[in-house]
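Observations on chain architecture
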Amino acid sequence: WAVEHIRSTHPESPDVDDLWHEFSEKRKLVRSCTSNLASFKFGNELPAIRKVLAVSPINPAQLQIVREVFLEIVRASYWDQLQQGKFLSDSREPGILINSVSLAKEECNKRLADWEVLEKD
């Protein structure tokens, strides 16, 4: 199903500058958070990553797959936190977080939208 779905959608190749700007904005947002977060281990390599993105064409289908994998990692992290008891019992937050991933997957052929879904809730 996944291969057919990717082949059936023909998203436009994303603009590197737009992707980089979006990444930078989300990075600032995450850094402003007071929660303990895992560090991004490739921070020193960001200039090299940006250089590669500027000269290499971005395959929209591959980008969609990367987004889908990323969202599944986020979902697994939410489940792990839930099992570790990091949410209050009977709270709405776990359902909202997991639902945000499901809704974001519907948009991952265009962008990552999990944060937008959370902002609405």
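Numbers given for residues are sequential positions, taken from 1 along each chain in its written order. With pLDDT at 70 or above as the cut-off, local features in this predicted model cover only qualifying residues; side-chain atom pairs require 80 or more to be listed or tallied, and sums for whole chains, interfaces and linings still use all residues. For side-chain calculations, the full set of non-hydrogen atoms in the structure is used, while hydrogens and water are omitted.

1. Focus on the packing of helix 4 (residues 60-83) against helix 5 (residues 93-105)
So the rule is basically this: Angles here are taken between N-to-C directions and fall from 0 to 180 degrees, while the axes themselves are lines fitted to C-alpha atoms, restricted in helices to the stretch in contact. In DSSP terms, a helix is any run of H or I states spanning at least four residues, a strand is any run of E spanning at least two, and both are numbered starting from the N terminus. Any angle that falls under 35 degrees is termed roughly parallel, while one over 145 is termed roughly antiparallel, one within 65 to 115 roughly perpendicular, and all others oblique. By the convention used here, residues are in contact when the closest approach between their heavy atoms is within 4.5 Å. Under this grouping Gly is polar, as are all residues other than the nonpolar Ala, Val, Leu, Ile, Met, Phe, Trp, Tyr, Cys and Pro and the charged Asp, Glu, Lys and Arg.
Two elements in contact, helix 4 and helix 5, have axes whose closest approach is 10 Å; the angle formed by their N-to-C orientations is 170°. Taken together, helix 4 and helix 5 sit at an angle that is classed as roughly antiparallel. Residue-level contacts link Glu68, Leu71, Glu72, Val74, Arg75, Tyr78, Trp79 and Leu82 of helix 4 to Pro94, Leu97, Ile98, Ser100, Val101, Ser102, Ala104 and Lys105 of helix 5. Residues that form the contact of helix 4 with helix 5 fall into these classes: ten nonpolar, two polar and four charged.

2. Quick word on the pattern of salt bridges
Definition in use: Think of a salt bridge as a Lys or Arg side-chain nitrogen and an Asp or Glu carboxyl oxygen that are within 4 Å of each other.
With the rule as written, the count across this model stands at five salt bridges. Here Glu107 makes a salt bridge to Lys110, at a shortest N to O gap of 3.4 Å. Within this structure, Glu107, Lys110, Arg111 and Glu116 form a network of salt bridges that share partners.

3. Re the nonpolar core
Note that soluble globular proteins tend to have their nonpolar side chains buried in a common cluster. Using the following cut-off: Residues enter a nonpolar core if they are buried and are Ala, Val, Leu, Ile, Met, Phe, Trp, Tyr or Cys, with the set joined through side-chain atoms within 4.5 Å. Relative accessibility thresholds used throughout: buried, under 20% of the residue-type maximum; exposed, over 50%; partly exposed, between the two (1.4 Å probe, protein chains only).
Membership of the largest hydrophobic core is limited to eleven residues, which are Leu71, Val74, Tyr78, Phe87, Ile96, Leu97, Ile98, Val101, Ala104, Cys108 and Leu118. Mapped onto this core, the elements with two or more residues apiece are helix 4 and helix 5. If one sorts the elements of this core by residue count, helix 5 sits on top with five residues. Not counting chain neighbours up to four residues away, the residues in contact with Ile98 comprise Arg75, Tyr78 and Trp79.

4. Some words on the environment of Ser100
Mapped onto the elements, Ser100 comes out in helix 5. Expressed as a C-alpha distance, the spacing of Ser100 and Trp115, which sit 15 residues apart in the sequence, is 7.6 Å. Dropping the residues within four chain positions of it, Ser100 is found in contact with Tyr78, Asp114, Val117 and Leu118.

5. Some points on the confidence of the model for the protein
Put simply, the rule reads: Values of pLDDT, which run from 0 to 100, indicate the predictor's confidence residue by residue.
With 78% of its residues at a pLDDT of 70 or more, the protein has an overall mean of 77. For the protein, per-element mean pLDDT is lowest for helix 1 (residues 2-8), which scores 40, and highest for helix 5, which scores 89. Predicted confidence for residues 1-10 stays below pLDDT 50, and this span has six contacts to residues more than four positions away or in other chains.

6. Some words on a nonpolar patch on the surface
To be explicit about the condition: Without a salt bridge and with relative accessible area above 30%, a residue can belong to a patch; like charges are then joined within 9 Å and nonpolar side chains (Val, Leu, Ile, Met, Phe, Trp, Tyr) within 5 Å. Working definition of accessibility: Shrake-Rupley area with a 1.4 Å probe, residue cover restricted to the visible protein chains.
On the surface, Ile65, Val69 and Ile73 cluster together to form a nonpolar patch covering roughly 260 Å² of accessible area. Tracing the sequence through the fold places Val69 in helix 4.

7. Digging into helix 5
Which entries qualify depends on this criterion: Given the number of residues in a helix, its expected span is that number minus one, multiplied by 1.5 Å.
For helix 5, which comprises 13 residues, the first-to-last C-alpha distance of 19 Å matches the rise-based estimate of 18 Å (1.5 Å per residue) to within 8%. By the burial criterion, the buried members of helix 5 are Pro94, Ile96, Leu97, Ile98, Ser100, Val101 and Ala104. Here the buried face of helix 5 lies against helix 4 and helix 6 (114-120).

8. What about a negative patch on the surface?
Put simply, the test is: Under the convention used here, Asp and Glu are negative, Lys and Arg are positive, and both His and the chain ends fall outside the count. Each charge is placed at NZ for Lys, CZ for Arg, CG for Asp and CD for Glu.
Taken together, the side chains of Asp15, Asp17, Asp18 and Glu22 define an acidic patch exposed on the protein surface. The topology assignment puts Asp17 in helix 2 (residues 16-31).

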